[in-house]
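# Residue-level structure breakdown
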Amino acid sequence: MAKSVNIQIASVHLTSKFWQTFVAIMGVTFGVSMYIFMNSFMNGVNKTQDDLAFSALSHIRIYNQDNNHSYNPIESEYDNSQTVFNIHNRKSIQYTSGIKNSYGIVSLVEKQEEVVAVARQINFSVFFRSGSKKINGRVSGIELEQEDKLFKSSEIVTQGNWNNLQTHKSGIIIGKLLAEDLGLQVNSSINVLTSDGVSRNYIIVGIFESSLKDIDKTKAYLNITAARQLIGENSDYASDILINIKDRDNTVPVVKKLGLLIPFQIESWQEANEQLVAGASLRNVIAIAVSFTILLVAGFGIYNIMNMTINEKIKEIAILKATGFSGKDIKSIFLSQAGAIGLLGGFLGVILGYLISLLINQIPFNVASLETLPIYFRVQDFVLAVVFGVLTTLIAGYLPSRKAAKVDPVTIIRG
Amino acid sequence: MENKTSLKIRNLVKYFHEPETFQVLKGVSFEVKKGEFLSIVGKSGSGKSTLLYVLSTMDTDYEGTLQINGDLLTGKTQNQLAAFRNEHIGFVFQFHYLLPEFSCLQNVMLPALKLGKYSTKEIEHKAYESLRLLDIEGQALKSANKLSGGQQQRVAIARALINNPSIIMTDEPTGNLDSKNTEAVLDIFRGLAKENGQTIICVTHDKDFANNTDRTIEMADGLII
Ligand SMILES: Nc1ncnc2c1ncn2[C@@H]1O[C@H](COP(=O)(O)OP(=O)(O)OP(=O)(O)O)[C@@H](O)[C@H]1O
Ligand SMILES: [Mg+2]
């Protein structure tokens, strides 16, 4: 009962000073809408960046490079003995890189519940030759179906067909710019020369166009069996095993788990691409800093308005206290005003933020795979925006309302 | 019932420290019976309003003791006193303060809404009754700052009556009223004292008004004479 009187009084205060209330609400509205817009925009940018990156990047990569293997026979056989050792004729043996028994590893990886796709690859540098032209590039020997599952590679093939690699034993799919540079089309023949001096001719059965120019200029796909033949490796060989998991932000535990099972290097995308992670975090910091600055300014505005209101109404506060309202009642009267301003401002801010974001999303921006400025909405941004908006107003309203609660009625009424 | 003590003060001493230390009340003691209609008179500046603020529990910066209805109020917290005032004391200030953004009706209803003993409908009904008693119900829905001084004073009196307080304290309740309305207020107070047993304490300059009360206390220089 008493609570509802306080709210009644608060609402009379709010409605009788319309412009003041309006300005305070607009402050919150602006802060909240900026929070939503900034975060949706940054999310859009991050998501675009990620989509680009993950078109060629797996969440986890398993590979084998011998330079990381160091074997000390003394330490591993006798860890802390007084024995004198005499080693004759010590040699450094060249370990071959790559994974010889890839099938066993793949079936181990597939058993993990977090894993959604696994693909083997053989990657190596080659020269592409056609007539007198010779271009340095890379060949990826891939498993068609698995590769497509990881990277949707079949979607970037613009001429010919991804699955042609399955049917044509000597088929190759090359990047668009590479094809242009060599002056080749689908069904042309192309010569590939490996670093070991092996040379073979392939038929172009497809041309792809990704969103990364570098790749279009240098890359070609072979079926993994054709690639094995080309570099003379056994039928279970792979240079990389690529893994996608359910939650790509959560690679650490998976890498740890696989590390216990698999004796090769295991690398998450975060380790391999620190600049991606850093870029995303920096953009998030900017978004949060900007929106909090705006909320802070709005908070100061509300603090000022509340302070002014309370100075203006000090006589009325004294009367309320004289007729029996407690300090707590007075505080709740002014805090509910702040809360109402926060909620209303938050509500309008959500609408405004959504509209601003939609508008920005219409602005043309023809770079890379984009057509307009990117916007990506997340429910949590909207919720947090309102929470922060209301919190800011409550904090801004708290100090003035405490001051109001402490008004000594007799000093005011005595005049 | 007649002889129950409504209010009792012992040795009230009060100082003002601004601009210089100055003793306003110099040891005031008296008792008021339940249902008594008491008036306090005295020269301007003799300390009548100051005394009334102490009696009303709003001013807690004094020495001595204050008891109302047998409760010792000296030393209670501000919030306890606010709740006590709400239920037991009706107060009309010397400069009849109303809340300007609220209607007269709302002004009268607020202390009752705060008390929360009755439903809004009952309170509204009672507020209209109070306003009618003071012949001002025609202005009920007008906002308080649109009334004349005398009208505001009558609304303030109506507000003081709303919670059926055991004591009604007024500071110059008829200062802005013509003789007809003064007469009416006097009648109302007398009726409340007689019929409801409510104690009335009035500070006044009006000799006729004082002569019509049960008892008159005269103050001079912070003392009762
Ligand atoms: N806030 C204050 N600070 C300092 N002195 C004050 C204050 N309020 C009142 N006084 C002084 O205390 C004395 C008593 O004042 P009070 O208001 O009680 O007089 P009063 O009897 O009500 O006079 P009036 O009949 O004019 O209303 C006066 O001398 C006045 O100047
Ligand atoms: Mg006075």
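What you see is a predicted model, and the numbers here were worked out from it, not measured in a lab.

Turning to the site of ligand 1, a few remarks are in order. Ligand 1 sits among 15 residues. The nearest are Ser-44, Gly-45, Lys-48, Ser-49 and Thr-50 of chain B. At the site occupied by ligand 1, nearby residues are drawn from chains A and B. Residue His-205 of chain B places a side-chain N or O atom 3.4 Å away from an oxygen atom belonging to ligand 1. For ligand 1, the accessible surface in isolation is 630 Å², of which the surrounding protein chains cover 69%. Within the residue set of the shell around ligand 1, elements represented by two or more residues are β2 (22-33) and α1 (48-55) of chain B. Considering each element in turn, the shell around ligand 1 owes the most residues, three residues, to α1 of chain B. Counted by class, the shell around ligand 1 contains three nonpolar, eight polar and four charged residues.

This part takes up the nonpolar core. Among the nonpolar cores identified, the biggest contains 104 residues, and Leu-7, Phe-30, Leu-51, Leu-55 and Phe-189 of chain B are the most heavily contacted of them. No other element matches the seven residues that helix α3 (residues 104-115) of chain B contributes to this core. If near-sequence neighbours (up to four positions away) are discounted, Leu-7 of chain B is found in contact with Phe-30, Glu-31, Val-32, Leu-55, Leu-66, Gln-67, Ile-68, Ile-167, Met-169 and Ile-201 of chain B. Listed in part, the 23 residues of the second largest apolar core include Phe-128, Ile-135, Val-139 and Ile-174 of chain A.

All told, the structure shown has 18 aromatic pairs over all chains when counted by the stated rule. Centroid distance Phe-91 of chain B to Phe-93 of chain B: 5.0 Å. Interplanar angle 40°. Geometry classified as tilted. The exposure classification of Phe-91 of chain B matches that of Phe-93 of chain B, with both residues buried. Members of the aromatic cluster, connected to one another through ring pairs, are Tyr-53, Phe-91, Phe-93 and Tyr-97 of chain B. One Lys or Arg, Lys-47 of chain A, reaches over the ring of Tyr-376 of chain A and ends 5.3 Å from the middle of that ring. Of note, Lys-134 of chain A hangs over the ring of Phe-127 of chain A, and the distance from its end group to the ring centre comes to 4.7 Å.

What follows covers the pattern of salt bridges. Under the criterion given, the structure shown has 24 salt bridges over all chains. Here Lys-17 of chain A ties to Glu-312 of chain A by a salt bridge, and the two come within 3.8 Å at their closest N and O atoms. With Lys-17 of chain A in the loop between α1 (2-16) and α2 (18-53) and Glu-312 of chain A in helix α12 (residues 274-312), the pair connects residues that are 295 residues apart, well separated along the chain. By relative accessible area, Glu-312 of chain A is classed as partly exposed at 42%. Taken together, the salt bridges that share partners define one network made up of Lys-17, Glu-312 and Lys-313 of chain A together with Glu-101 of chain B.

Moving on: the domain arrangement of chain A. Residues and elements named next belong to chain A. Here the domain parsing of chain A yields domain 1 (3-53 + 276-414) and domain 2 (60-72 + 96-269). When each unit is reduced to the centre of its C-alpha atoms, the spacing between domain 1 and domain 2 is 52 Å. Contacts between the two partners involve five residues from domain 1, matched on the other side by four residues from domain 2. Between domain 1 and domain 2 lies a buried interface of about 380 Å² when both sides are counted; carbon and sulfur atoms form 66% of it.

Basis of the calculations
Residues numbered from 1 in each chain as written. Chains lettered and ligands numbered in written order. Predicted model: local features only at pLDDT ≥ 70, side-chain atom pairs only at ≥ 80, totals over all residues. Heavy atoms only, no water. Near = heavy atom within 4 Å. Polar contact = N/O pair within 3.5 Å; in protein donor to acceptor, adjacent residues only side chain to side chain. Areas by Shrake-Rupley, 256 points an atom, 1.4 Å probe, with all protein chains shown as cover. Helix = DSSP H or I, 4+ residues; strand = E, 2+ residues; numbered from the N terminus. Nonpolar A, V, L, I, M, F, W, Y, C, P; charged D, E, K, R; others polar. Core = buried A, V, L, I, M, F, W, Y, C linked by side-chain atoms within 4.5 Å. Buried < 20%, exposed > 50% of the residue type's maximum accessible area, 1.4 Å probe, protein only. Contact = heavy atoms within 4.5 Å. Phe/Tyr/Trp six-rings, centres within 6.5 Å; stacked < 30°, edge-to-face > 60°. Lys NZ or Arg CZ within 6 Å of the ring centre and 35° of its normal. Salt bridge = Lys/Arg side-chain N within 4 Å of Asp/Glu carboxyl O. Domains from an automatic or database assignment. Buried area = accessible area lost by both parts, 1.4 Å probe.

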